[in-house]
Amino acid sequence: MTDDLFKKAAASIVEQDREAAMEIATQALAAGIAPSEIMAKGFVAGIAEVGELFESGELFLPELMMAAQAMEGAMSVTNAALGEGGGQAKGTIVLGTVQGDVHDIGKAIVIAYLKANSYEVFDLGRDCALETFLAKAAEHHAQVIGMSALLTTTMEEQKKLIAALKERGARDTYKIIVGGAPCTQRWADQIGADAYAEDASDGVKKIDALLGH
Ligand code: B1M
């Protein structure tokens, strides 16, 4: 039953069927499956398959976009179920997808997890300029700046922001965490980030560790 739902969830994304994706997400939650589990084993598996089909030329951009819309539908159901952690905020984070990059599905999942774990998170959206990250971090007195990048070309923006902070003598004002499919721990070390997170739950763990929780 559970495996069947995981398969159906993945298929709804590959078939670019937003309505089915939302319905399967609702069914999974009603069956007691955790939002993180149906996401990881079902919907994320589906979008990963879509990425492979796109890369091999079996799917084209319009289909990729429709698959992303189906993914957003599923996420609207699962993220709502995660809720907010409540209580006193463990810390303040500004988080966005870097300039030149419109991929924001992973970022939305990371933000939902952080909020569910009692963090105050300001979503800077996608295609977010370096100066906006810095201005918003200062405005909200953030402890952490989080940058998501999905393209090998836009990863450079993460490096640029850290360099800009260093140039301004402000590197130690913020903890910096980076993530997104092409990023690795090695990349984070290379650019001098404080942490790299592989997925949303790892993101929560890494930020907890950075802020001493
Ligand atoms: Co695009 N795309 N895309 N795309 N797209 C990729 C990234 C690609 C790998 C597909 C492929 O070819 N296999 C490829 C990049 C190749 C490269 O750079 N080497 C690619 C390309 C080429 C492109 C375009 C250039 C295509 C074109 O126009 N010809 C174009 C670029 C547009 C731009 O940004 N300027 C483009 C456009 C799009 C859509 C708009 C159609 C759509 C995005 C819609 C949206 O996000 N609203 C899209 C999609 C859906 C994908 C794939 C298929 C799926 C991405 C995704 O949502 N994954 C993707 C293939 C892939 O990644 N396998 C692909 C699911 C998501 C849950 O995972 O985002 O990795 P992810 O997030 C994870 C972790 O990485 C981590 O936690 C998340 C949850 O577990 N994480 C963080 C992410 N950010 C974090 C931040 C943190 C911590 C953890 O702290 C700050």
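Residues numbered from 1 in each chain as written. Predicted model: local features only at pLDDT ≥ 70, side-chain atom pairs only at ≥ 80, totals over all residues. Heavy atoms only, no water.

Quick notes on the coordination of the cobalt atom of the ligand
For the cobalt atom of the ligand, the sole protein-derived donor is His103 (NE2), lying 2.2 Å away. Mapped onto the elements, His103 comes out in the loop between strand 1 (92–97) and helix 5 (105–116). (Donors = N, O, S within 2.8 Å, 3.2 Å for Na, K, Ca; no water. Helix = DSSP H or I, 4+ residues; strand = E, 2+ residues; numbered from the N terminus.)

Some words on the site of the ligand
Around the ligand, 34 residues are found, and the nearest of them are Gly100, Val102, His103, Asp104 and Ser148. Contacts to the ligand include Glu72, whose side-chain N or O atom sits 3.1 Å from a nitrogen atom. Val102 places a polar main-chain atom, nitrogen or oxygen, 2.7 Å from an oxygen atom of the ligand. Tallied by class, the residues present in the shell around the ligand amount to 18 nonpolar, 9 polar and 7 charged. (Near = heavy atom within 4 Å. Polar contact = N/O pair within 3.5 Å; in protein donor to acceptor, adjacent residues only side chain to side chain. Nonpolar A, V, L, I, M, F, W, Y, C, P; charged D, E, K, R; others polar.)

Remarks on helix 1 (residues 2–14)
The first and last C-alpha atoms of helix 1 sit 19 Å apart over 13 residues, in line with the 18 Å expected at 1.5 Å per residue. Considering only its buried residues, helix 1 is in contact with helix 2 (18–30), helix 3 (35–55) and helix 4 (61–82). Directly after helix 1, the chain includes Gln16, whose backbone phi takes a positive value near 60 degrees. (Expected span 1.5 Å × (residues − 1). Contact = heavy atoms within 4.5 Å.)

Some thoughts on the packing of helix 6 (residues 130–139) against helix 7 (residues 156–167)
The contact between helix 6 and helix 7 brings their axes to 10 Å, and the two run at 55 degrees. In terms of their interaxial angle, helix 6 and helix 7 are classed as oblique. Between helix 6 and helix 7 lies a crossing whose hand is right-handed. Listed contacts from helix 7 to Leu130, Phe133 and Leu134 of helix 6 are Lys160, Leu161, Ala164 and Leu165. Taken together, the residues of the contact of helix 6 with helix 7 sort by class into 6 nonpolar, no polar and 1 charged. (Axes fitted to C-alpha atoms, helices over the stretch in contact; angles between N-to-C directions. Parallel < 35°, antiparallel > 145°, perpendicular 65-115°, else oblique. Left-handed = near helix turned anticlockwise from the far one by under 90°.)

Things to note about the pairing of strand 1
Side-chain direction in a regular strand flips from residue to residue, so the side chains alternate between the two faces of the sheet. Among the 6 residues that make up strand 1, 6 are buried, leaving the element largely enclosed by the rest of the structure. Regarding the hand of the β-α-β motif, the stretch spanning strand 1, helix 5 and strand 2 (residues 120–123) is right-handed. (Buried < 20%, exposed > 50% of the residue type's maximum accessible area, 1.4 Å probe, protein only. Right-handed = clockwise from strand over helix to strand, strands pointing away.)

Quick look at a nonpolar patch on the surface
Together, Phe54, Leu61 and Met65 give the surface a local cluster of nonpolar side chains, amounting to about 300 Å² of exposed area. Structurally, Leu61 can be placed in helix 4. (Patch = residues over 30% accessible without salt bridge, like charges linked within 9 Å, V, L, I, M, F, W, Y side chains within 5 Å. Areas by Shrake-Rupley, 256 points an atom, 1.4 Å probe, with all protein chains shown as cover. Salt bridge = Lys/Arg side-chain N within 4 Å of Asp/Glu carboxyl O.)

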